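Structure assessment
One letter stands for each residue in the lines below.
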Amino acid sequence: MNFFRGSVIALMFLLGSGFSAQSQTPAGPLKAVAVLHPTADSKVGGAVTFTEEADGVKVRAEITGLTPGNHGFHVHEFGDCSAADASSAGAHFNPTHKPHAGPDTPDRHVGDMGNVQADASGKATLEYVDHQISLTNDERSVIGRSVVVHTKADDLKSQPSGDSGARVACGVIGRAKS
Ligand SMILES: [Cu+2]
Ligand SMILES: [Zn+2]
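Just so it is clear, the structure is predicted and the values come from calculations on it, not from any experiment.

**A few points about the overall build of the chain**
Of the regular secondary structure elements, the chain holds one helix and eight strands. Mapped from its N terminus to its C terminus, the chain presents α and β elements in the order α-β-β-β-β-β-β-β-β. Classification of the 178 residues of the chain by burial places 35% in the buried group. Contacts in the chain between residues far apart in sequence, at least 24 positions, make up 62% of those at least 6 positions apart.

Below, the structure is given as structure tokens:
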């Protein structure tokens, strides 16, 4: 009995130290990435990175192959870009059951990142800190969901998705090296 108890305690100690060694001293802030792939009849591609910061999550996007101007840019609920039109990604990621809006509006879909603006060459870059997206909070975590870019501008008010039209690129958000 004593031997058994001792073995159980030793095993628990070993397991505990193993887990803590894994979770301690992370290499850096938590990061995620979505590599964007064109939908059918699109040439839009690029990458979006998400990096945890003290006051939110920094979103960095570099996208090419767009028509000049604004394009709706959202996190959608499913990490599934398999459909030719990316309809498999579902609706805007909305775990808090709010209306569609722009990224600066407190009452918004967690996935509402607004627009990316493409220049005359079709390239868009964006960098901002988002205060609703999370990489750690289970309910708001975007890991395992997707980023979708649209053919038209998001007007930041039409329900349920800003009237931004067809999907031109989609990428699943996965955890990246910290
Ligand atoms: Cu969208
Ligand atoms: Zn939305």
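**Some words on the environment of Leu36**
On the secondary structure map, Leu36 appears in strand E1 (residues 31-38). Discounting residues that sit within four places of it in the chain, Leu36 has contacts with Val44, Gly45, Gly46, Ala47, Val48, Ile63, Val147, Val149, Ala169, Cys170 and Gly171.

**Some words on the confidence of the model for the chain**
Detail in the predicted coordinates should be disregarded across regions flagged by low pLDDT. Averaged over the chain, the pLDDT score is 90; the fraction of residues at 70 or greater is 85%. Every residue in residues 8-21 is under pLDDT 50, and counting partners more than four places away or in other chains gives zero contacts.

Rules and cut-offs
The numbering scheme is per chain: residues are counted from 1 as the chain's sequence reads. Labels follow written order: the first chain is A, the first ligand is 1, and so on. Two thresholds apply to this predicted model, a pLDDT of at least 70 for residue-level local features and 80 or more for giving and counting side-chain atom pairs, whereas whole-chain, interface and lining totals are computed over all residues. Each helix is a run of H or I in the DSSP string that is no shorter than four residues. Each strand is a run of E no shorter than two, and both are numbered from the N terminus. Buried residues are those with 20 or more other C-beta atoms within 10 Å of their own C-beta, exposed residues have 12 or fewer, and partly exposed residues lie in between; C-beta atoms are placed from the backbone. We call two residues in contact when their backbone-placed C-beta atoms lie within 7 Å. Each residue carries a pLDDT value, the predictor's own confidence for that position, ranging from 0 to 100.

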